[in-house]
Amino acid sequence: MREDRYLNISDVTKSYPNPFGDEIAVVKGFDLTVTKGEVISIIGHSGCGKSTVLNMVAGLIPVSLGGIILESCEVIDPGPDRAVVFQAPCLLPWLTSMENVLLGLRSAYPSLNKTEHEEIAKYCLYQVGLDGSLKKYPREMSGGMQQRVGIARAIALKPKVLLLDEPFGRLDSLTRLELQDVILNILDLQKITTLLVTHDVDEAIYMADRICMMTNGPRAKVGRMLEIKFPRPRDREEILEDPDFYDFRQELLQFLDDCEAEKEKKKESELQLV
Amino acid sequence: MKLKHRIYKLIDISGLQLFDPVARLFFREEPQVQIKRITQFIVIPILAFGLFLLVWQIMAPRHTTKSGEVPKPGRVLDAAKGIWTFHNREKEKSIAFIASSDEANKILDNAKNRLEEIESSLIPAQDETIANLEILEQEWRDKNISPKIKKAANIEYEINSKQNSLKTELEELAGSIKANDKNAKEELVLRLEKLELQKSKWKIELAELKGTISILESKKYPLLERAQRKKDRLEEEKQYLSVYIGILTKNRNSKVEELNKKLVDYSNSFYAAESTKVMSSAKRLVRQKTRIEKTSESQYSAAKTLPYQTLRSLLCVFTGFIIATIFAIPLGILCGLNKTFMCAFTPFIAIFKPVSPIVWLPIGLIVVGGFIPDPENNALLSIINKLPIFSSFDVNPAFLASAITVALCSLWPTLVNTALGVSSIDVDHLNVARVLNLRFRERLISVIIPSALPLIFAGLRISIGVGWMVLIAAELLASSEGIGKFVWDMFNNGSSDSFAQMFVVVFLVGGIGLLLDRIMIVFQRLVSFDETAPSV
Ligand SMILES: Nc1ncnc2c1ncn2[C@@H]1O[C@H](COP(=O)(O)OP(=O)(O)OP(=O)(O)O)[C@@H](O)[C@H]1O
Ligand SMILES: [Mg+2]
C-alpha cells in the first residue's frame, strides 16, 4: 500500500493574487500518486504551472489548498529528502564542484565525518562523469558540466524524491542526450522516485514510466496520464525503433495540440462575451 | 600558462591595468590597438599633468601672499627633499644616541670630516659665489628692475605734482574772485568737482603703481636666490652636524659610563662611611643606581618629521577603519537578513550618516576624555601602547578620538553596502540553501557572506576613502599628531618654505589616498567571482 502511494499529491491548488486582489488559481485540483521508484515526466505548455507543482513538492512555495504527502509525512518545508535540480545549475560560484556537492552533505549526514562526506561527494561526481574536475570552479566549467555538478549535488543527498525542473533546458542537444543517459543510469542503479518537468516530448517518453500531461493554465490540472511500458534499462536506439514510441509521441502531441485549440476557443468565446 | 599570459594576469590582479597595453605592446600583440590605448590612458594623462605643471609654474609668481610667493613646482620638490633629509637626520641622531662607543667613534670621524669640509671649503666657496652673484644682481637690477621702478616713481611724482599745482591754481583763483561775481564762483565749484573726480582716479592709479613698485623691489635675481638657498642648506647641515657630533660624543653609553664611574666612588665611600653618614650615602648610592637604570633605557626624542606623521596618520586611519568594519559588517548583515531590524536601523543611518566629522570630533574627544581622565596611567592606553606597531607612536586620547571620528564617519558606506549585498542575494542561491537545508551558520558562511562580499568590499573601499579624508581634518582640529598637525604647524609657521611644504602634503595625501583606493580595488577584484570586473 505504502509502496504504490509513496508520493501523493492530492487535490493541490496554488493561487496567486492578481493586482486587483482577486485570487487566480494557477494550478487547481492537481492530483497525482506516485509509486516508489517510479519516474514521472510532467509535460505541458509553457506557463501552465509545471514549475509551480514541482516547487510545491520541493516545499519551496506553500500550497494554497490540498496537500502533498511523502511517505506518510506532509510536505511543508524544503528538505534534503526532496532534492531539486533547477533549470539553471545554480552552483555557488565561490565553491569548487567538490565543495558545492559537499555543502549539502554536512546537514544531510551529520553523523558522518569529513572524509566520509568527501568519499560520497567524490563518488557522486564520478557517477556524473566529473571525477576529473573536482577542484574546478563553476566559471571554469561548461554549462553541461555545471549541470552535472547540480545533478551530483542532488543525488548525493540520497533523496526520497528527485525533482528535475527542465534540467536540460539550457543545454545544446548533444549534451542533453548525454545527460539524459547519465540520469537514467543513476536512476536505474538507485531507483529514486523522480518527477521530471520537460518540454521535450522525446525526452519525456525516453525517461519516464508514466507521463503526466497538464492542461493549460490558469487552473491547470492533470489532463491525461500515459503509461510507457518500455523495459529498463533502456536503450535509445531500441526505443527509437519501437513502433509504440511513435504512438506515444503521437498521443502526446495530439494532447498538446488539443490544449492549444481549447485555449484558442476560450479566447474566442471570451472575445464574443465582450 | 605561457609567461605572457601570466604577466597579463598579474597585471590584472594587481590593479595595474594601466600597464596592460605596455605589456601587450612588448609582446607585439595588436601593436596598433595598444599604441592607441597607451596614448589614451598613459600619454594623455602625462601630458595633462605636464600642462598643469606648466600653468602652475607660470601662474605661481603672479600671486604673492604674506607668506611670500606661491611656490613653483621646483620649490615644492625642494621642500619635499628637505623634509626627507630632515627625517633621515633625525633618524641618524637617534641611532647615534644609542650607539656603542666603538660605533660612535667610527661615525664620529666621518661626521667631523664632513663638518670640516663644510666649514672650511664649501661655505666660503658658496659665499664667494654669492658675492659674485650679488654684483651680477646689481647689474641685473640696474638694467631690468631699476628703470621700471624709476619710471613708476616718475609717474607717481608727476601725478602728485600735477595734483598739487592744480590745487594751488584753484586756491589762487578762489582768492581773486570778487564777492558779487556769481559766474566765477560757479565756475570754481565746477572745476573743484572735476578735480575731486580726477583725484579719485589718480588715487587708484597711485595704488597700482605702489603695488608694482613693491613687487619689482621684492623680485630677486633667480640665480642669487638659488645660491642663497644652497648656502642655507649648507648652514643647516653644519648645524645638524655639530648637534650630531655633540650627541655622538655624549650619547647614552658615555653617560652611563660616567654615571657608573661615580657609582664606584659612591659605593667606596658608602663602605668607608661612619655610622652617622651611612644612611645618607646609602641613599645617594640607591639614587645613583636608579639614575643609571633610567639613563640606560632613555631614547633620543626625535622631532616629529612628516614621514613619522604620515605613518601615524595611516595607523590612525586603519585603527578607525577597523573599528568601523567590526561594527559595520555584522550590523549590515543583520540589516540585510532581517527586515524588522533594517526598519529599526534606517533612521539611525539616515540621521548619523550626513553628520560632519567636525561635529563627531569634539564629542569623541569628550567621550574619550571621560573614559580616560588620566592619560598618564590609564590601563587601556598602556595596553595599546604595548601593542607591536602602536608602541612606536605614543597613542594618546587625541589619537583615539581621531580614530573614533574616522570610524563614525566611515562606518556608513560599509554598513549600507553590506545590507544591500546581503538583501540582494540571488534567489536561486537562497533556494539552493533551502533545499539543502543548510543551518544558519552554514548558510551565512557558505552562501550569504560570499555572495555579498563584492558589495561589502565596494563599501569598504568607499569607507577607507572617506576615513582618510576625514582623518586629516580630525587631526588638525584635535591637534593630534599626524599629517593634520603637520599642516597646522606649517600654517602657523607662515614662512614661504612652509607654504611649499603644505603643497608637498597635498600631493602626499592625494598619493596615499590613491594608493589605498587601488589596494581596495585589488581586494574587491579578488573576491568577485564573476568575470565582470568592478569598474575602476
Ligand atoms: N509569484 C507569482 N505571482 C503571480 N503569478 C505567478 C507567480 N509565480 C508564477 N506565477 C504564474 O504561474 C504560472 C505558472 O508558472 P510556472 O513557472 O509554474 O510555469 P511553467 O509551466 O514552469 O512554465 P515554463 O515551462 O515556461 O517554465 C505563470 O502563468 C505565472 O505567471
Ligand atoms: Mg518552469
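Everything numeric here is computed off the predicted structure, so don't read it as measured data.

> When you look at the sheet that holds strand β3 (residues 39-43) of chain A in this model, what are you seeing that I'm missing?
Note: strands within a sheet are paired through backbone hydrogen bonds, in either parallel or antiparallel orientation. All names here are of chain A. On the basis of which strands lie adjacent, the open sheet formed by six strands has the order β6-β7-β8-β3-β9-β10 and mixed pairing. Whereas interior strands pair on both sides, the edge strands pair on one side only; in this sheet they are β6 (82-85) and β10 (222-227). On average, adjacent strands in this sheet sit at an angle of 20° to one another, irrespective of strand direction. Here five bridges tie β3 to strand β8 (residues 193-198), and the two strands are oriented parallel to one another. Bridged to Ile 42 within β8 is Val 197.

> Could you clarify how one ought to interpret empty space enclosed by the protein in this entry?
One water molecule sets the probe size; rolling that probe over the atoms shows where empty space is left. Applying the stated criterion across every chain, the model contains one cavity of 30 Å³ or more. Empty space within the largest cavity amounts to approximately 60 Å³. Forming the boundary of the largest cavity are Ala 83, Val 84, Phe 86, Gly 150, Arg 153, Ala 154 and Leu 157 of chain A together with Val 432, Val 435 and Leu 436 of chain B. Secondary structure elements with two or more residues in the lining of the largest cavity: β6 and α4 (143-156) of chain A together with α15 (427-435) of chain B. Examining the composition of the lining of the largest cavity, we find that three residues originate from one element, α4 of chain A, more than from any other. Tallied by class, the residues present in the lining of the largest cavity amount to eight nonpolar, one polar and one charged.

> Honestly, the site of ligand 1 in this entry has me stumped. Any pointers?
Residues and elements named next belong to chain A. Taken together, the neighbourhood of ligand 1 is formed by Tyr 16, Val 26, Ser 46, Gly 47, Cys 48, Gly 49, Lys 50, Ser 51, Thr 52, Glu 166 and His 199. Within the backbone of Cys 48, one N or O atom sits 3.3 Å away from an oxygen atom of ligand 1. Thr 52 places a polar side-chain atom, nitrogen or oxygen, 2.4 Å from an oxygen atom of ligand 1. Look at ligand 1: alone it shows 640 Å² of surface, and the protein chains cover 56% of it. If you tally residues by element for the shell around ligand 1, the top one is helix α1 (residues 50-58), at three residues.

> In this structure, what is going on with the nonpolar core? I would like to understand it.
Side chains that are nonpolar tend, in soluble globular proteins, to be buried together. Ranked by internal contacts, the top residues of the largest apolar core, which has 151 residues, are Phe 30, Leu 195 and Ile 211 of chain A. Tallying contributions element by element places helix α16 (residues 440-478) of chain B first for this core, with 12 residues. Each residue touching Leu 195 of chain A, except ones within four places of it in the same chain, is listed here: Leu 7, Ile 9, Leu 32, Val 34, Ile 40, Leu 54, Val 57, Leu 162, Leu 163 and Leu 164 of chain A.

Cut-offs and rules
Just so you know, the residues in each chain are numbered from 1, in the order the chain's sequence is written. Note on labels: chains are lettered from A, ligands numbered from 1, in written order. Selection of residues for local features in this predicted model requires a pLDDT of at least 70, selection of side-chain atom pairs for listing and counting requires 80 or more, and totals for whole chains, interfaces and linings are taken over all residues. As a convention, hydrogens and water are excluded, and side-chain values are obtained from all of the structure's heavy atoms. At least two bridges found by DSSP between two strands is the condition for calling them paired. Helix and strand labels come from DSSP, where a helix needs a run of H or I of at least four residues and a strand needs a run of E of at least two; each type is numbered from the N terminus. Convention adopted: a line fitted to C-alpha atoms gives each axis, helices being fitted over their contacting stretch, and angles between N-to-C directions are expressed from 0 to 180 degrees. Whether a set of points on the 1 Å grid over the protein atoms alone is a cavity depends on a 1.4 Å probe fitting there but being unable to get out, while an open set qualifies as a pocket with protein on both sides within 12 Å along at least five of seven lines; lining residues are those with an atom within 4 Å of a point. Grid points are joined across faces, edges and corners, and a volume is the space filled by probe spheres set on the points. Gly is put with the polar residues, along with every residue not named as nonpolar or charged; the nonpolar set is Ala, Val, Leu, Ile, Met, Phe, Trp, Tyr, Cys and Pro, and the charged set is Asp, Glu, Lys and Arg. The nearness test applies per residue and asks whether one of its heavy atoms lies within 4 Å of the molecule or strand. In the analysis that follows, any N or O atom pair within 3.5 Å is treated as a polar contact, provided that within protein one partner can donate a hydrogen and the other can accept it, and provided that, for residues neighboring in sequence, both atoms belong to side chains. Here the accessible surface of atoms and residues is derived via Shrake-Rupley with a 1.4 Å probe, and residues count as covered only by protein chains that are part of the display. For our purposes a nonpolar core is just a set of buried Ala, Val, Leu, Ile, Met, Phe, Trp, Tyr and Cys residues, chained together by side-chain atoms within 4.5 Å. For every residue, the accessible area (1.4 Å probe, protein chains only) is compared with the maximum for its type, and the residue is labelled buried under 20%, exposed over 50%, or partly exposed between those bounds. Contacts are assigned to residue pairs that have any heavy atoms within 4.5 Å of one another.

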